[in-house]
Amino acid sequence: MSQSPTKQVEVVNISRIIGKLQGKEPGPTLIFFGGIHGNEPSGVKALEHVFREIKEKGIETKGTVYGIRGNIPALLQEKRFLRSDLNRMWTQKGIDQIKNKHNGDRNDEERELAEIYRLLKDILENQPPPFYFIDYHTTSSETLPFITINDAMINRKFAKRFPVPVILGIEEYLEGPLLSYINEKGYVTIGFESGQHFTEEAEINSIAFTWLSMMQTGTLVPHPEIEKAAFCEQLRLSAQGNRNFYEVIHRHKITSEDNFEMIVGAQSFDSITKGTQFARHNGEVIEAENDAILFMPLYQDQGEEGFFLIRKIPRWALRFSAFLRHIQFDNFLTMLPGINRVSERSEILMVDLKIARFFSKPFFHLLGYRERVVDKTHMALYNRERAAKNNMYRETSWYRNS
Ligand SMILES: [Zn+2]
């Protein structure tokens, strides 16, 4: 078994498209991604499973459903990535740089990005709205299954339909995830982290999530053997009944040269009390400054985040922020000195840092903004709500009944 001649054959056989379903009747366009990280094949396997079952049972669909393979060379080697992280490259600048390179000069992930980019463009230009994008991942630690979204109301409303916890705001800490790029165009985008890498449970959860997504988007024609209740129960049990919303409050950044390890046992969604020692970074022990909830601790070599900390968002805060966004409260803010809209892009507020210090970060979050410091004196706030294509989804059942 030392030399495996099959590997080369696999390279040519594995195609970008896991499956494509074109329904007889028109409907939305639903796009699933699996394996954007090569050591996270559960999503790919789940999609293969569902597409196979649809074919075998002759299940009918509406609209168009795609299953797309992410990082193919990394999937073959079961590595997160080979040269660069395919889920940290989707900035406009990064994409433009890759576009300007000849294919021969691109590294593995740059070639993957160029191909997926062309496919996305083709889908958005040639398929009808509304569009839904779902990206499957798994984590290196044990975890409850959970959803990550950029905090726009359309994403919240759609995410609420699944019986798993929802994490808001992780994109503020990450540069260039695929879903942030698509989300900035205003479409519904959902990240689903189904469990721990390579586990059966992660695959089963992704299968359940795929069926439920098809039901929620209306791309599945009801079939007696495909029962919604069973899939909901699978996710509900796996998530231990947790359907809370959380926000990310801290990211512990590491570099590839750093020595980082979790002190064994701490898993995603574990509560850690103030003073608990839970990780080591370059020999130094990290202890909790306050009570918090641990999120996505790193138990593998590759990755730029040692761990995140999250906190539960109370229900009243969720409702209050929905109200503030509904009345577009941010219009009042621009009456204040030092807060201006960028004229050509109404979704961006430029805030003088002298003014910004009177407002807390959670305040801007309530209004649907995420922040990026641009220079010594100003901060740019991006409003996810103004970019969101609410009208595209207004007639859907999940939007109307929420
Ligand atoms: Zn991942």
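Residues numbered from 1 in each chain as written. Predicted model: local features only at pLDDT ≥ 70, side-chain atom pairs only at ≥ 80, totals over all residues.

1. Focus on the pairing of strand β3 (residues 62–69)
At step 1: Among the eight residues that make up β3, eight are buried, leaving the element largely enclosed by the rest of the structure.
At step 2: As defined by bridge partners, strand β2 (residues 25–34) adjoins β3 across seven bridges and the pair is classed as parallel. Considered in β3, the bridge of Leu 30 is made with Val 65.
At step 3: Note on the crossover from β2 through helix α2 (residues 42–57) to β3: the handedness is right-handed. (Buried ≥ 20, exposed ≤ 12 C-beta atoms within 10 Å, placed from the backbone. Helix = DSSP H or I, 4+ residues; strand = E, 2+ residues; numbered from the N terminus. Pairing = 2+ DSSP bridges. Right-handed = clockwise from strand over helix to strand, strands pointing away.)

2. With respect to the packing of helix α8 (residues 200–217) against helix α9 (residues 228–238)
At step 1: The contact between α8 and α9 brings their axes to 9 Å, and the two run at 135 degrees. Relative to α9, the element α8 lies oblique. By crossing handedness, the relation of α8 to α9 is classed as left-handed. Together, Glu 201, Ile 204, Asn 205, Ala 208, Phe 209, Trp 211, Leu 212 and Met 215 of α8 and Lys 228, Phe 231, Cys 232, Gln 234, Leu 235 and Ser 238 of α9 make up the contact between the two elements.
At step 2: The residue makeup of the contact of α8 with α9, split by class, is nine nonpolar, three polar and two charged. (Axes fitted to C-alpha atoms, helices over the stretch in contact; angles between N-to-C directions. Parallel < 35°, antiparallel > 145°, perpendicular 65-115°, else oblique. Left-handed = near helix turned anticlockwise from the far one by under 90°. Contact = placed C-beta atoms within 7 Å. Nonpolar A, V, L, I, M, F, W, Y, C, P; charged D, E, K, R; others polar.)

3. Examining the sheet that holds strand β6 (residues 166–168)
At step 1: What the eleven strands build is an open sheet, ordered β1-β3-β2-β4-β7-β5-β6-β8-β14-β13-β10; its pairing is mixed. Each edge of the sheet is formed by a strand with only one pairing partner; in this case those strands are β1 (17–22) and β10 (271–272).
At step 2: Examined bridge by bridge, strand β4 (residues 131–139) and strand β7 (residues 188–196) share seven bridges and lie parallel to one another. When the sheet's bridge partners are listed, Ile 134 is paired in β7 with Ile 190.
At step 3: Where helix α5 (residues 108–126) meets the sheet, it contacts β2, β3 and β4, and its direction lies at approximately 175 degrees from that of β3.

4. As for the sheet that holds strand β11 (residues 277–281)
At step 1: Here three strands make up an open sheet; going across it, the order is β9-β11-β12 and the pairing antiparallel. Because the sheet does not close on itself, it has two edges, and the strands there are β9 (260–262) and β12 (284–287). With direction set aside, neighbouring strand axes in the sheet form an average angle of 25 degrees.
At step 2: Note that β9 and β11 share three bridges and pair antiparallel. Residue pairing in the sheet places Glu 261 in a bridge with Arg 280 of β11.

5. Some points on the nonpolar core
At step 1: Ranked by internal contacts, the top residues of the largest apolar core, which has 78 residues, are Phe 133, Ile 147 and Ile 167.
At step 2: Those residues within four positions of Ile 167 in sequence are excluded, and the remaining contacts are Phe 146, Ile 147, Thr 148, Tyr 246, Val 248 and Ile 310.
At step 3: Core analysis: the second largest hydrophobic core is formed by six residues, Leu 349, Val 351, Ala 356 and Leu 381 among them. (Core = buried A, V, L, I, M, F, W, Y, C linked by C-beta atoms within 7 Å.)

6. Quick look at unusual backbone geometry
If a residue is not glycine, its phi is most likely negative; likewise, a peptide bond is most likely trans.
At step 1: Look at the link from Pro 129 to Pro 130: it is a cis peptide, with omega at -5 degrees.
At step 2: Inspection of the secondary structure assignment puts Pro 130 in the loop between α5 and β4.
At step 3: If you check the backbone angles, Phe 269 has positive phi at about 75 degrees while not being a glycine.
At step 4: Here Phe 269 shows up in the loop between β9 and β10.
At step 5: You will see that Gln 328, though not glycine, has its phi angle at about 50 degrees, which is positive.
At step 6: Summarising the element assignment, Gln 328 is placed in the loop between α10 (315–326) and α11 (330–333).

7. Focus on the environment of Val 374
At step 1: With respect to the secondary-structure elements, Val 374 resides in the loop between β17 (369–373) and β18 (378–383).
At step 2: We classify Val 374 as partly exposed; it has 13 C-beta atoms within 10 Å.
At step 3: Dropping the residues within four chain positions of it, Val 374 is found in contact with Met 379 and Ala 380.

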